[in-house]
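# Report on the structure
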Amino acid sequence: MAVPETLLALMEPRPLHGYELQQCYGALLSLRRPLRSGQIYSTLQRLQRDGLVTVVGVERSGGPDRTLFQVTEAGTSGIERWFFEPEGAQQYLQHDLYAKVILALLTQRDAARVLDVQRASHRALMRQMTKIKSSPDSGRLEVVAADLAILHLDADLRWIDSTERRLANIRQDVEAYAALIQDTNKSR
């Protein structure tokens, strides 16, 4: 998630201080994965440096002073661009799991076991997300976030199954590439 743009959008309706940003983010976007306060404050410093937010006051209430930040006109323009720029596909589609499978084959490890372990992990996470989705205590925002996670996990599980069916052929390709690299290095 684009943290700077997210914080700007959260501050756009009214000035907020770092703790309020953390609370808003947690309530609306985190689904059990909050932003660390250090990340929020360092992002606020960069946004201020870049002229996207400005300090509009300090709240004093029993605890430490809380600096209020407001989005500037430049910040609002940046949010507007961010909202309406489509998210591009990943430039490099080499997911860590893909790399593990290929490298397991290359190093004579059990690639099917790599896939099995990941499958089990994905299924457990899918059960957790389904529990969140079906809980009467879950709000609509949590349900929508759980749906997104479930659909991504489902796509990964289909990839795992498809890759497992192809392991013998993939192994041949990896071994052919490894042999080619070895032959190239010998000829140097």
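Let me begin by describing the structure that accompanies this report. (Residues numbered from 1 in each chain as written. Predicted model: local features only at pLDDT ≥ 70, side-chain atom pairs only at ≥ 80, totals over all residues. Heavy atoms only, no water.)

On the surface, a cluster of nonpolar side chains totalling about 260 Å² of accessible area is made up of Leu28, Leu29 and Leu141. With respect to the element layout, Leu28 can be found in helix H2 (residues 18–28). Taking relative accessible area as the criterion, Leu28 reaches 45% and is therefore assigned partly exposed. (Patch = residues over 30% accessible without salt bridge, like charges linked within 9 Å, V, L, I, M, F, W, Y side chains within 5 Å. Areas by Shrake-Rupley, 256 points an atom, 1.4 Å probe, with all protein chains shown as cover. Salt bridge = Lys/Arg side-chain N within 4 Å of Asp/Glu carboxyl O. Helix = DSSP H or I, 4+ residues; strand = E, 2+ residues; numbered from the N terminus. Buried < 20%, exposed > 50% of the residue type's maximum accessible area, 1.4 Å probe, protein only.)

One full turn of an α-helix is made of 3.6 residues, so residues set three or four places apart face in the same direction. Taken together, the buried positions of helix H1 (residues 3–11) are occupied by Val3, Thr6, Leu7, Leu8, Leu10 and Met11. If you follow the buried residues of H1, they end up packed against H2, helix H3 (37–49), strand S1 (53–59), strand S2 (66–71) and helix H4 (73–83). (Contact = heavy atoms within 4.5 Å.)

Turning our eyes to something else, we now look at the packing of helix H5 (residues 96–106) against helix H6 (residues 111–134). Axis separation between H5 and H6 bottoms out at 8 Å; the angle between their running directions is 155 degrees. Between H5 and H6, the angle falls in the class roughly antiparallel. The handedness of the crossing between H5 and H6 comes out as right-handed. Mapping the contact onto sequence places Leu97, Lys100, Val101, Ala104 and Leu105 in H5 and Ala111, Val114, Leu115 and Gln118 in H6. Of the residues that constitute the contact of H5 with H6, the class distribution is 7 nonpolar, 1 polar and 1 charged. (Axes fitted to C-alpha atoms, helices over the stretch in contact; angles between N-to-C directions. Parallel < 35°, antiparallel > 145°, perpendicular 65-115°, else oblique. Left-handed = near helix turned anticlockwise from the far one by under 90°. Nonpolar A, V, L, I, M, F, W, Y, C, P; charged D, E, K, R; others polar.)

Moving on: the pairing of S2. As paired elements, S1 and S2 share 6 bridges and run antiparallel to each other. For Glu59, the partnering residue across the bridge sits in S2 and is Arg66. (Pairing = 2+ DSSP bridges.)

On to the nonpolar core, then. In terms of nonpolar packing, the biggest core is built from 17 residues, with Val101, Leu105, Ala111 and Leu167 touching the most fellow members. For this core, the elements supplying multiple residues, two or more each, are H5, H6 and helix H7 (140–186). Sort the elements by how many residues they give to this core and H7 lands first, with 8 residues. The next biggest cluster of nonpolar side chains, apart from the first, holds 16 residues, and it includes Leu10, Tyr25, Ile40 and Phe69. (Core = buried A, V, L, I, M, F, W, Y, C linked by side-chain atoms within 4.5 Å.)

Okay, the packing of aromatic side chains next. For the structure shown, the criterion picks out 2 aromatic pairs. With a centroid separation of 5.2 Å and 50 degrees between ring planes, the pair formed by Trp82 and Phe83 is classed as tilted. Taking the relative accessible area as the measure of exposure, Trp82 reaches 23% and is therefore partly exposed. Classification of Phe83 as partly exposed rests on a relative accessible area of 45%. Note on Phe83 and Phe84: the rings are 6.3 Å apart at their centroids and 50 degrees apart in plane angle, and the pair reads as tilted. (Phe/Tyr/Trp six-rings, centres within 6.5 Å; stacked < 30°, edge-to-face > 60°.)

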